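# Examining the three-dimensional arrangement
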Amino acid sequence: MSELDNAERSAPVGRGKARSGAVHAHHARSLDYETVALVLQGGGALGAYQAGVLEGLEEARIPLNWVAGISIGALNTAIIAGNEPGMRVARLREFWETICRPGYTPAMPAPFEHALFMASDATRSMLTAFQAASAAAQGQNGFFAPRVPAPLPWLANAPDRVSWYDTTPLKATLERFCDFERINSGETRVSVGAVNVATGNFVYFDNTRTTLRAEHFIASGALPPGFAPVEIDGEFFWDGGVVSNTPLHEVLSASPRRDTLVFQVDLWSARGPVPQTLENVGTRVKDIQYSSRTRLVTDMLQREQRYRHLLRELLERVPEAVREGDHLCKVVEDLACGKRYNVLQLIYQQQKFERGDKDYQFGRTTMQSHWDAGLTDIRRTLSHDTWLDLPSNQTGFVTHDIHRVAD
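Residues numbered from 1 in each chain as written. Predicted model: local features only at pLDDT ≥ 70, side-chain atom pairs only at ≥ 80, totals over all residues. Heavy atoms only, no water.

## So, the overall build of the protein chain
Here is the rule we go by: Here a helix means four or more residues in a row that DSSP labels H or I, a strand means two or more in a row labelled E, and each is numbered from the N terminus. The globule rule is 2.2 Å times the number of residues to the power 0.38, and the radius of gyration it is compared with is taken over C-alpha atoms. For the exposure calls, accessible area comes from a 1.4 Å probe over protein chains only, and a residue counts as buried if that area is under 20% of its type's maximum, exposed if over 50%, partly exposed in between. Whether two residues are in contact is decided by their heavy atoms: any pair within 4.5 Å suffices. Accessible surface is estimated by sampling points in the Shrake-Rupley manner with a 1.4 Å probe; for residues, cover comes only from the protein chains shown. In this tally, Lys and Arg are treated as positive and Asp and Glu as negative; His is ignored, and so are the chain termini. For the purpose of locating charges, the reference atoms are NZ of Lys, CZ of Arg, CG of Asp and CD of Glu.
A tally of regular secondary structure across the protein chain gives 15 helices and eleven strands. For a compact globule of 407 residues, the expected C-alpha radius of gyration is about 22 Å, and the protein chain comes in at 22 Å, within 12% of that figure. For the protein chain, the spread of C-alpha atoms along the principal axes amounts to about 75 × 50 × 50 Å. For the protein chain, the proportion of its 407 residues judged to be buried stands at 50%. Looking at the protein chain alone, contacts between residues at least 24 apart form 75% of all its contacts between residues at least 6 apart. Accessible surface, the protein chain: about 18700 Å² in total, of which carbon and sulfur atoms supply 55%. When the 42 positive and 48 negative side-chain charges of the protein chain are each reduced to one mean point, those points stand 3 Å apart.

## Describing the UniProt feature "short sequence motif: GXGXXG" (unreviewed entry) in the protein chain
Put simply, the rule reads: UniProt positions are given in the numbering used here, feature names are shortened, and annotations may be inferred rather than shown by experiment.
In the UniProt entry, the feature "short sequence motif: GXGXXG" (unreviewed entry) is given for residues 42–47. For the annotated span residues 42–47, helix accounts for 0% and strand for 0% of the residues, and the straight-line distance between the end C-alpha atoms is 7 Å.

## Some points on the nonpolar core
Keep this limit in mind: Remark: nonpolar core denotes a set of buried residues (Ala, Val, Leu, Ile, Met, Phe, Trp, Tyr, Cys) joined through side-chain atoms within 4.5 Å.
Grouped together as the largest cluster of nonpolar side chains are 70 residues, with contacts concentrated most on L38, L57, F95, W96, L174, F217 and F263. Sorting elements by how many residues they give to this core places helix 3 (residues 72–81) first, with seven residues. What F217 contacts, discounting residues up to four positions off in sequence, is A74, L75, T77, A78, L174, F180, I183, V190, V192 and L212. Counting 14 residues, the second largest nonpolar core, distinct from the first, contains W66, A68, V251 and V297.

## Quick look at the pairing of strand 1 (residues 35–40)
Our working rule: In this analysis, strands are considered paired if DSSP registers two or more bridges between them. A clockwise path from the first strand over the helix to the second, with the strands pointing away from the viewer, defines a right-handed crossover.
Here strand 1 lies mainly inside the structure; six of its six residues are buried. The two faces of strand 1 match: T35, A37 and V39 on one face and V36, L38 and L40 on the other face are all buried. Here strand 1 pairs with strand 9 (residues 260–266) via six bridges, running parallel. By the bridge assignment for strand 9, V36 is matched with L261. You can see the chain leave strand 1, run along helix 2 (residues 48–59) and come back into strand 2 (residues 66–69), and the turn it takes is right-handed.

## Regarding the pattern of salt bridges
The following threshold applies: The working definition used for a salt bridge is a side-chain nitrogen of Lys or Arg within 4 Å of a carboxyl oxygen of Asp or Glu.
Considering all chains together, one arrives at 13 salt bridges under this definition. A salt bridge links E175 to K171; the nearest nitrogen and oxygen atoms lie 2.7 Å apart. Pair noted here: E175 and K171 are both in helix 7 (residues 168–177), with a separation of four residues, about one helical turn. Residue classification places K171 among the partly exposed residues on the basis of a relative accessible area of 31%. Among the charged side chains, a network of salt bridges with common partners joins K171, E175, R213 and E215.

## Here we look at the environment of L261
On the secondary structure map, L261 appears in strand 9. Dropping the residues within four chain positions of it, L261 is found in contact with L31, Y33, T35, V36, A37, N342, L344 and L388.

## Focus: the packing of aromatic side chains
What counts is decided by this rule: A pair of Phe, Tyr and Trp rings is counted when the ring centres sit within 6.5 Å of each other, with Trp represented by its six-membered ring. The angle between the planes then sorts it: under 30 degrees is stacked, over 60 is edge-to-face, the rest tilted. Only Lys NZ and Arg CZ are tested; either one counts as a charge over a ring when it is within 6 Å of the ring centre and within 35 degrees of the ring normal.
Tallying each qualifying case throughout the model produces 14 aromatic pairs. Here F95 and F177 contribute two aromatic rings whose centre-to-centre distance is 6.4 Å and whose plane-to-plane angle is 85°, an arrangement assigned as edge-to-face. Linking F95 in helix 4 (residues 88–99) with F177 in helix 7, this pair joins segments that are 82 residues apart in sequence. Residue F95 is classed as buried on the basis of its relative accessible area, which comes to 0%. One aromatic cluster is present, built from ring pairs that chain together F143, F144, Y165, F227 and F362. Positioned above the aromatic ring of W371, the side-chain terminus of R93 is 3.9 Å from the ring centre.

## Side note on the side chain of N65
The line we're drawing: N or O atoms closer than or at 3.5 Å make up a polar contact, with two conditions inside protein: a donor-capable atom paired with an acceptor-capable one, and, for residues adjacent in sequence, both atoms drawn from side chains.
Along the chain, N65 turns up in the loop between helix 2 and strand 2. Separated by 3.0 Å, the side chain of N65 and the backbone nitrogen of V36 make a polar contact.

## Here's the deal with unusual backbone geometry
In this structure, the amide linkage connecting P224 to the following residue, P225, adopts the cis form with an omega of -5°. In this model, S255 is joined to P256 through a cis peptide bond whose omega is 0°. As for its position among the elements, P256 is in the loop between helix 10 (248–252) and strand 9. Of note in this structure, S71 is not a glycine but carries a positive phi near 60°. Unlike most non-glycine residues, D233 shows phi in positive territory, near 55°. Along the chain, the position of D233 falls in the loop between strand 7 (230–232) and strand 8 (235–239). Since its relative accessible area comes to 67%, D233 is described here as exposed.

Structure (structure tokens):
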């Protein structure tokens, strides 16, 4: 399959034939963009926030033709792309309820867990600390399990066994909740990022270039040393977050360029309080480490797009007769671009009770809290009707973030 180059996939989303596959009998919302992408950052247990965002997009009948993710974002990508619109929220719900159960021991009764979570800040902190310790000790159902016996740090082993946990259960879970024929059908473009362990090169597994299997998504979430690299076609791959925790650059720099609307869903906030305890230092370091790439990419591409628009304006001042025969004008024409980009940022805001273990705290009530936060944020974002408009500024690039508006 070519890279989004046929007429049907280059038409504005929500119009003409591309509207088939909208949420059951409902019509997809008409948008003046050729690409509408959902970009999902990595962040472990915080990924339920992304599921809430997806629910809001389905609720508003926003059509997507590209979903890209890294780490937990890649797993959510598999569920979204692997199910038809209208079924995605239900499948995400089943997936998250599955992996938010303990690996071996019975789950805490839901009413009791909810009561502890809601009782006070103290009980909430104790509950979440217990659940994070449980994940570390026994893994999570359908996701990962401790290696028994535990590997000895100085003892050589096969590459796919060099980790504290075994993600074999995740393959069956993904194959249960995802239709990989649908993922590879080309109905929605799918991209997930990983890093080649031997070369250190960052790669995207993309359904326009290769047939995606469960292993590609698991590799994107194989964060060392917790998870072992995943072998694909004789090479080993780790979590893409080792290099870059967001696939935003892949979407915004895609060629040929198109008018693009991106829902960028991040799980780590670059902005936060200065820590006053050693415990909070670790949490803040994670936030900065995993969010910095997003800010860098956005700033860089905004500047780049401004230069492309300026080149286009300058080229239009050159007489057509000169442009046709001038090699330099041809080079400038290739660099110039009048396409427009709109990035709607949805960034999870850390709760007071959360600490450095928030990315592996898989409690069901916490999961629901993250999910609800994502749903609330996307509803608030979509309430700004003009935010969905094509950019009309000089650069052709805009970003919106409800939390910055609130500040």
